[in-house]
Amino acid sequence: VDLRSDTVTQPTPAMSAAMASAAVGDDVFGDDPTIAALEERVADMFDKEAALFVPTGTMGNLICVMAHTWERGSEYLVGDKAHIYIYEQGGGAAVGGAHPRAVPTSADGTLPLDILESYLRPDDPHFPVSKLLALESTHNLCGGSVLSTDYVRQASDFASRNGLALHMDGARIWHAASALGVSLAQIGEGVDSLSVCLSKALGAPAGSVVVGSSELVRRGRRLRKVLGGGMRQSGVLAAAGLVALEEQLPELAQDHRHALKLAEGLEQMGFDISMPETNLVYFSCPEDKLGISAPTLVQACQAQGVRFLGVGGSRLRMVTHHQVDSAGVDRTLDVVQEILQDPEAAAAQVASSAVGSPTNYGGGSK
């Protein structure tokens, strides 16, 4: 049972068949019909003018930041717990030359609108120029929390009043729409750009899509080229994405149910749980109460075929996806319960066998 991320899934038979038979062309020349079909489909779903297929979500976010901070000396406001800010190598600054200004993130993933104005730069040659506000939904480090449509509307109004563009890191935006019971067009209303992932949530093997205005995508296409993201017969990847939109998107509520079942079971065992809104389950392992440390628990579970991540200290994360079924959830809870019945024996076994690798604990949270 692999709960490390929803990026670990294998292509479904329908995805593999679509990839094998995909009509392709040279996408750098604009000749790939399957890429064109995917871009048109995703743009229409979000009610935006255009879309652009990119290899990764990190590139998608970077393209959007750079497109909105086109002028040198620009700055973007971003949450201090945002994936863009923490887990993407500071690409906006390192590659794009845009300065990030970190804003305190609330527990629900929002950036408090009542303090945002104080983070805007005055028109003064000592400062960079505020150009962009970046949000994230669902919010990874805030437990997969969902930004409400009301909040996004208010953030959009704030951005418009202050001459800012509004970007959404929507790697798992599909889960946000499912949890709120609204359309993707409603989710994207008032947002100038989104980067949405096909491999997270939807289970495609690779790829993300940038959506926004025709001008944003025109700039994005230039940026994709200089960032090394111009691929040739990439319709083989787009084909899997199109299948994922049909197969997996309607079924995301099941991932939420499985996440909740995991969280409730772990809470009953004594773990400190943040109850999930979507498919991310964050919890802490209080060693003084349970008799086992978080790193040891990760490795002991891995030895029994259950994989999840430690994300620092006592904090742990499990992620549900379409290839973890109800039996997988039950198996996970059974393994954890069995280990807790004799934590000293589990710790001794881990110590003697050196199970696991550094990537299983304390690494990046995808």
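Residues numbered from 1 in each chain as written. Predicted model: local features only at pLDDT ≥ 70, side-chain atom pairs only at ≥ 80, totals over all residues. Heavy atoms only, no water.

Caption draft 1: Molecular detail of the overall build of the chain. Per the secondary structure count, the chain includes 16 helices and 11 strands. Since a compact globule built from 366 residues should have a radius of gyration of about 21 Å, the 21 Å found for the chain is in line with a globular shape. Its C-alpha atoms put the chain at 60 × 55 × 35 Å along the principal axes. Here the chain displays about 15000 Å² of accessible surface, and carbon together with sulfur accounts for 49% of that area. Averaged over its 27 positive side-chain charges, the chain has a centre that lies 6 Å from the centre of its 43 negative ones. (Helix = DSSP H or I, 4+ residues; strand = E, 2+ residues; numbered from the N terminus. Rg over C-alpha atoms; globule rule 2.2 N^0.38 Å. Areas by Shrake-Rupley, 256 points an atom, 1.4 Å probe, with all protein chains shown as cover. Lys, Arg positive; Asp, Glu negative; His and termini not counted. Charge placed at Lys NZ, Arg CZ, Asp CG, Glu CD.)

Caption draft 2: The pairing of strand E2 (residues 74–79), seen in detail. In terms of residue burial, E2 counts as a mostly covered element, since 6 of its 6 residues are buried. Neither face of E2 is exposed, since Ser-74, Tyr-76 and Val-78 on one face and Glu-75, Leu-77 and Gly-79 on the opposite face are all buried. Summarising the sheet, E2 and strand E3 (residues 99–103) pair through 5 bridges and their orientation is parallel. Within E3, the residue paired with Gly-79 across the bridge is Val-103. (Buried < 20%, exposed > 50% of the residue type's maximum accessible area, 1.4 Å probe, protein only. Pairing = 2+ DSSP bridges.)

Caption draft 3: Inspection of the sheet that holds strand E11 (residues 315–319) at higher detail. An order of E8-E9-E11-E10 is seen for the 4 strands of this open sheet, with the pairing classed as antiparallel. The open sheet has two edge strands with one neighbour each: strand E8 (272–274) and strand E10 (309–310). One ladder, built from 5 bridges, connects strand E9 (residues 280–284) with E11; its direction is antiparallel. By the bridge assignment, Phe-283 is partnered in E11 with Leu-316. In the packing of helix H12 (residues 252–269) onto the sheet, contacts are made with E8, E9 and E11, and the angle to E9 comes to roughly 10°. (Contact = heavy atoms within 4.5 Å. Axes fitted to C-alpha atoms, helices over the stretch in contact; angles between N-to-C directions.)

Caption draft 4: Local environment of the sheet that holds strand E5 (residues 165–170). One open sheet accounts for 7 strands, arranged E1-E7-E6-E5-E4-E2-E3; its pairing is mixed. Because the sheet does not close on itself, it has two edges, and the strands there are strand E1 (50–54) and E3. Between one strand axis and the next, the sheet turns by 20° as a mean value, whatever way the strands run. Summarising the sheet, strand E4 (residues 129–136) and E5 pair through 5 bridges and their orientation is parallel. Along E5, the bridge assignment pairs Ala-134 with His-167. The sheet strands contacting helix H2 (residues 33–45) are E1, strand E6 (193–197) and strand E7 (208–212), and the helix crosses E1 at an angle near 130°.

Caption draft 5: Spotlight on the pattern of salt bridges. One pass over the structure, following the stated rule, counts 11 salt bridges. Here Glu-215 ties to Arg-219 by a salt bridge, and the two come within 3.4 Å at their closest N and O atoms. Of this pair, Glu-215 and Arg-219 are both found in helix H10 (residues 214–226), 4 residues apart, which corresponds to roughly one turn of the helix. The partner of Lys-261 in a salt bridge is Asp-330, and the shortest N-O contact between them spans 2.8 Å. Residue Lys-261 is found in helix H12, and its partner Asp-330 is found in helix H15 (residues 326–341); the two are separated by 69 residues along the sequence. (Salt bridge = Lys/Arg side-chain N within 4 Å of Asp/Glu carboxyl O.)

Caption draft 6: Examining the confidence of the model for the chain more closely. With 97% of its residues at a pLDDT of at least 70, the chain reaches an overall mean of 95. Between residues 355–359, whose pLDDT stays under 50, and residues either more than four places distant or in other chains, the model counts 7 contacts. (pLDDT = per-residue confidence, 0-100.)

Caption draft 7: Spatial organisation of the side chain of Ser-5. Residue placement: Ser-5 occurs in the segment before helix H1 (13–21). With relative accessibility at 4%, the residue Ser-5 sits in the buried group. A polar side-chain atom of Ser-5 sits 3.1 Å from a polar atom in the side chain of Thr-7. (Polar contact = N/O pair within 3.5 Å; in protein donor to acceptor, adjacent residues only side chain to side chain.)

Caption draft 8: Broad picture of helix H11 (residues 235–247). Compared with the 18 Å implied by 1.5 Å per residue over 13 residues, the 18 Å span of H11 between its first and last C-alpha is a close match. When we look at burial in H11, the residues that qualify are Gly-235, Leu-237, Ala-238, Ala-239, Ala-240, Gly-241, Val-243, Ala-244 and Leu-245. For H11, the elements touching its buried residues are H1, H2, E1 and helix H8 (173–180). (Expected span 1.5 Å × (residues − 1).)

Caption draft 9: Geometry of the nonpolar core. Ranked by internal contacts, the top residues of the largest apolar core, which has 52 residues, are Phe-46, Leu-133, Leu-135, Ile-173, Trp-174 and Val-209. Top contributing element to this core by residue count: H11, with 7 residues. For Leu-135, the residues in contact, after removing those within four places along its chain, are Leu-111, Leu-147, Tyr-151, Ala-155, Leu-166, His-167, Met-168 and Asp-169. Core analysis: the next-biggest nonpolar cluster, separate from the first, contains 31 residues, Leu-262, Ile-273, Ala-294 and Cys-301 among them. (Core = buried A, V, L, I, M, F, W, Y, C linked by side-chain atoms within 4.5 Å.)

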